[in-house]
Amino acid sequence: MTQPTPHTAGFESDRIEVVLCDLDGVVWLAHEPIPGSVDAIARIRRSGRRVLFVTNNSATRLADQEAALEVIGVPATGDVVTSAMAGASLVAAGERVLVAGGPGVVEAVERRGAEPIVNDGVLRDGIDAVVVGLHRDIDYDRLRSAARAVMAGARLIGTNGDTTFPTPSGLDPGGGALVQAVATVADVAPTIAGKPEGPMADLVLDLLSADGAIDPASIVMVGDRPGTDGLFASRLGAPFALVRTGVTDTADTADSTISDLHVTIDARDLAAVADHLDP
């Protein structure tokens, strides 16, 4: 099998202070660590760089995401940003929010001071926003109630637009597929919050700039999806490191369908990215 060739011309690794790291397809597949990823994160941290995990997974509570990383040997308290948090950033305190998503969305909406109403398929009035993310208990009644709320005037917010996500056995339907189902029924365009969109970028930059201004050139985004992680890097003005352990495999052309996407590092896996940061 031919391995991908890195494209690192002009890349100054000594300028990198922060590594934004996707989870699914980069660190793990269904919480099974990808070989070398745990050690790579430890190496990056030992170099003095911060690692921030930026995931479009909205289903899981923040503490559960951090705990799952701890189980595989990656301390992550305070270092996880999710698309549930990005989606919740688009609702206001006091709003009634129909959550067609997992516990992670409910938690994020509560933290915003809004009222989360778990979508159980019952038709409800007075809904200000519908937030849709991955949830495996979706059925016809839940689809109908979410769409009806949007038809009645509620804003439609998708935690992310990924229609699939990688697992050890192949691709599974992602939250974006469910967002599109509600959008199709309600005949509206959803507002997407997660990577590569602005709400997630704002969250990340706010977090990184808490102790002062952050230079985008000092950040590198590591991900397995050019159309999500790569465009997110472009939005931030940061270099993009593509790894081939998730959705994009070694046979795929990194930017064959996305114009103006620059892949700074095209690497086998996260361990190879760590090698480029400290050659």
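If you're wondering where the values come from, they're calculated on a predicted model, not measured in any experiment.

Caption draft 1: Representation of the overall build of the protein in the model. From N to C terminus, the protein includes 9 helices and 15 strands. Relative to the globule expectation of 19 Å for 279 residues, the C-alpha radius of gyration of the protein, 19 Å, shows essentially globular dimensions. For the C-alpha atoms alone, the extent of the protein along its principal axes is close to 60 × 40 × 35 Å. Within the protein, contacts between residues at least 6 apart in sequence are counted, and of these 67% link residues at least 24 apart. Counting only carbon and sulfur atoms, one obtains 50% of the accessible surface of the protein, whose full area is about 12,000 Å². Placing the 21 positive and 39 negative side-chain charges of the protein at their respective mean positions leaves the two points 3 Å apart.

Caption draft 2: Representation of the pattern of salt bridges in the model. Per the stated rule, a full pass over the model turns up 16 salt bridges. E95 is the salt-bridge partner of R155, the closest N and O atoms lying 3.0 Å from each other. In this pair, R155 is assigned in strand β9 (residues 155-158) and E95 in the loop between α3 (83-88) and β6 (96-100), connecting sequence segments 60 residues apart. Classification of R155 as partly exposed rests on a relative accessible area of 34%. By relative accessible area, E95 is classed as buried at 15%.

Caption draft 3: Looking closely at the pairing of β6. Counting buried positions along β6 gives 4 out of 5 residues, so the element sits mostly inside the fold. Sheet topology note: the β6/strand β7 (residues 115-118) ladder contains 4 bridges and is parallel. Residue pairing in the sheet places L98 in a bridge with I117 of β7. In this fold, the crossover linking β6 to β7 by way of helix α4 (residues 103-111) has right-handed handedness. As paired strands, β6 and strand β8 (residues 129-132) are joined by 4 bridges and run parallel to one another. Paired with V99 across the two strands is V131, which belongs to β8.

Caption draft 4: Molecular detail of the side chain of T159. Along the chain, T159 turns up in the loop between β9 and β10 (164-167). A residue is classified by how much of its surface remains accessible, and T159, at 0% relative accessible area, is buried. Discounting residues that sit within four places of it in the chain, T159 has contacts with S58, S83, A84, V105, V131, V132, G133, A193 and G194.

Caption draft 5: A look at the layout of surface pockets. Size it by volume and the largest pocket reaches roughly 400 Å³. Looking at the largest pocket, it is lined by 28 residues, and the ones nearest its centre are D24, T55, N57, L134 and F165. Secondary structure elements with two or more residues in the lining of the largest pocket: β10 and α8 (226-236). Sorting elements by how many residues they give to the lining of the largest pocket places β10 first, with 4 residues.

Caption draft 6: The arrangement of the sheet that holds β6 in detail. Strand order in this open sheet of 5 strands is β7-β6-β8-β9-β12, and the pairing throughout is parallel. Looking at strand neighbours, the two that pair on one side only are β7 and β12 (191-192), the edges of this open sheet. Lying over the sheet, helix α6 (residues 175-186) contacts β8, β9 and β12, oriented at roughly 160° with respect to β9.

Cut-offs applied
Residues numbered from 1 in each chain as written. Predicted model: local features only at pLDDT ≥ 70, side-chain atom pairs only at ≥ 80, totals over all residues. Heavy atoms only, no water. Helix = DSSP H or I, 4+ residues; strand = E, 2+ residues; numbered from the N terminus. Rg over C-alpha atoms; globule rule 2.2 N^0.38 Å. Contact = heavy atoms within 4.5 Å. Areas by Shrake-Rupley, 256 points an atom, 1.4 Å probe, with all protein chains shown as cover. Lys, Arg positive; Asp, Glu negative; His and termini not counted. Charge placed at Lys NZ, Arg CZ, Asp CG, Glu CD. Salt bridge = Lys/Arg side-chain N within 4 Å of Asp/Glu carboxyl O. Buried < 20%, exposed > 50% of the residue type's maximum accessible area, 1.4 Å probe, protein only. Pairing = 2+ DSSP bridges. Right-handed = clockwise from strand over helix to strand, strands pointing away. 1 Å grid on protein atoms, 1.4 Å probe; cavity = no way out; pocket = protein on both sides within 12 Å on 5 of 7 lines; lining within 4 Å. Points joined across faces, edges and corners; volume = space filled by probe spheres on them. Axes fitted to C-alpha atoms, helices over the stretch in contact; angles between N-to-C directions.

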